[in-house]
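Descriptive analysis of the structure
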Amino acid sequence: MTQTRPAETMPQPRHAPAAAATAGQPYEYHRSPLVEPDWTRFPGWRHVTREQWENAQWQRANCVKNIKQLRTVLGDGVDETFYADLEADQKALATMSMLVPPQMLNTMVPFEPMSTEAFLADPVRRYMIPVASDRRTDWPSHPYASRDSLHEHDMWVAEGLTHRYPTKVLAELLSTCPQYCGHCTRMDLVGNSTPAVDKLKLTLKPVDRYDAHISYLRAHPGVRDIVVSGGDVANVPWKNLESYLMRLLEIETIRDIRLATKALMGLPQHWLQPDVVEGLERVARTAARRGVNLAIHTHVNHRQSITPLVARAAQTALDVGVRDVRNQGVLMRGVNATSADLLDLCFALQGEAGILPYYFYMCDMIPNAEHWRVPVWHAQQLQHDIMGYLPGYATPRIVCDVPFVGKRWVHMLTEYDRELGISYWTKNYRTSIESADLAALDKRYAYYDPIDTLPETGQKWWHEHRND
């Protein structure tokens, strides 16, 4: 007997009805060329020239570090209620101090009149200049949130060198950045202390820290891949960074080097400085000659942040021999956690700036971050919804960085209790702190959804057990 497929899976007729032709798509692509917003629209930068704007030192010298400086730039564009909201956050809740380069601030409310309402709603502002009213009051932090949520410090094999994966390490060269993101996963170490967080400190001199890294890598030939980060490598004096990279390239077993720098977007002027460009070319040529893959990983969370200067910095890196420039964003409510926002961003990255969309991480379980985090099911839905629009090679993977496990695609969970918002994950390797744990590969590791996204019964359970 011939079986037929259910009606909903039957192929459509060759000549579909006219109504079907006008149904449209869930997402409609429209090319949008990059534009550098007019910085002179801000009262505080009304007389800033292009030469000043494109100068890295001017950008660094004019970073917004406090409310007074923000007032000077914005003028009367926002009212006092905003500044009171910001001050309340900085005094009690912020895990990162304020540090916003002009380049980043200029991408907030870029093409409409400035107002308190528009500034509060802006997606870049939401994570770069958080205010108290952004954060949740019922669950500002998850009960299992922690300062070092990924236990990177626990896995240090030398100061600033995290060995979590068998073949890969993370090198934190320093603890500062040209800009501080409110959701920073390394908020326990990076940046200045805030009233909410007394930061850890790197204690070794940089030269001794770098020596310790090189010694460890020479002694562990099983490590082939190193992410050079911090902080942000854009804050390492170029001669010091180049020396470190050249030493890495002398280690025969190192085959991949990735430079982590949000500054490619937040301060592209740095990566366009002649001495940096020339030095990067020397490193790239040496890497190519020795068969090592050299890439830059940046961190863009919204399409507004991609401007012609960012595209020029990315293209310059590619022109001098860097193999790839890739983006690792973070999913955040109110910033980019819709399929349209992600697709707009990815098309701008890949199609306009030459930056490969690579990962979107679920925001980590750090203190005071519940208003940003999304549940696993939401991330799974986003991965589903962005498929089929981008080129396959430029379709980002959405991942959950599970404590004690590492990056896992969001569909790789083993079990998921949607009511309590607890997902369980497994792994296939031991971290550096589990070398003697024979059961490490048989365990299930928990990750927790934001409690406000749970059904009423789940929220009630957490309220009843919040002090357990």
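What counts as what
Residues numbered from 1 in each chain as written. Predicted model: local features only at pLDDT ≥ 70, side-chain atom pairs only at ≥ 80, totals over all residues. Heavy atoms only, no water. 1 Å grid on protein atoms, 1.4 Å probe; cavity = no way out; pocket = protein on both sides within 12 Å on 5 of 7 lines; lining within 4 Å. Points joined across faces, edges and corners; volume = space filled by probe spheres on them. Helix = DSSP H or I, 4+ residues; strand = E, 2+ residues; numbered from the N terminus. Core = buried A, V, L, I, M, F, W, Y, C linked by side-chain atoms within 4.5 Å. Buried < 20%, exposed > 50% of the residue type's maximum accessible area, 1.4 Å probe, protein only. Contact = heavy atoms within 4.5 Å. Expected span 1.5 Å × (residues − 1). Arc of directions from axis to C-beta. Axes fitted to C-alpha atoms, helices over the stretch in contact; angles between N-to-C directions. Parallel < 35°, antiparallel > 145°, perpendicular 65-115°, else oblique. Nonpolar A, V, L, I, M, F, W, Y, C, P; charged D, E, K, R; others polar. Pairing = 2+ DSSP bridges.

Comments concerning the layout of surface pockets
In this structure, the largest pocket occupies an estimated 190 Å³ of space. Lining the largest pocket, in full, are Y165, K168, R258, Y358, Y359, R397, V399, K407, R408, W409 and M412. Looking at the lining of the largest pocket, the elements that each hand over two or more residues are β8 (356-362), β9 (397-402) and β10 (406-409). At three residues, the largest contribution of residues to the lining of the largest pocket is made by β10.

A word on the nonpolar core
Judged by nonpolar contacts, the single largest core of 139 residues is most densely connected at L105, Y127, I129, I226, V228, I257 and W271. At seven residues, the largest contribution of residues to this core is made by helix α15 (residues 339-352). Sequence-distant contacts of W271, defined by excluding residues within four places in its chain, comprise V233, A234, W238, T261, A263, L264, V276, V277, L280 and A313.

Comments concerning helix α9 (residues 206-219)
Relative to the 20 Å expected for 14 residues at 1.5 Å per residue, α9 spans 20 Å between its end C-alpha atoms, a close match to the ideal helical length. Residues of α9 that are buried include every one of R209, Y210, H213, I214, Y216 and L217, and no others. Buried residues of α9, seen end-on, are gathered within an arc of 160° and therefore sit on one face of the element. α9 presents R218 and A219 as exposed residues on the side facing more than 90 degrees away from its buried surface. Where α9 is buried, its residues touch β1 (156-158), β2 (161-165), β3 (168-172), β4 (225-229) and α10 (238-249).

A word on the packing of α10 against helix α13 (residues 274-289)
Axis separation between α10 and α13 bottoms out at 10 Å; the angle between their running directions is 0°. As judged from the angle between their axes, α10 and α13 are roughly parallel. Of α13, the residues touching α10 (which contributes W238, E242, L245, M246 and L249) are D275, V276, G279, L280, R282, V283, T286 and A287. Its residues placed into classes, the contact of α10 with α13 shows eight nonpolar, two polar and three charged.

Thoughts on the sheet that holds strand β13 (residues 445-448)
The antiparallel open sheet is built from three strands, whose spatial order is β11-β12-β13. Edge positions in the sheet fall to β11 (415-417) and β13, since each has one partner strand and no second. Sheet twist, expressed as the mean angle between neighbouring strand axes with direction ignored, is 20°. Relative to strand β12 (residues 422-425), β11 runs antiparallel, the two being bridged by three bridges. From the neighbouring strand, Y416 faces β12, where its bridge partner is S423. Strand contacts of helix α16 (residues 376-386): β11, β12 and β13, with the helix running at about 120° to β11, the strand carrying the most contacts.

A look at the sheet that holds β10
Spatially, ten strands are ordered β1-β2-β3-β4-β5-β6-β7-β8-β9-β10 in an open sheet, and the strand pairing comes out mixed. Every interior strand has two partners, whereas the edge strands, β1 and β10, have only one. With direction set aside, neighbouring strand axes in the sheet form an average angle of 30°. Across three bridges, the pairing between β2 and β3 is antiparallel.

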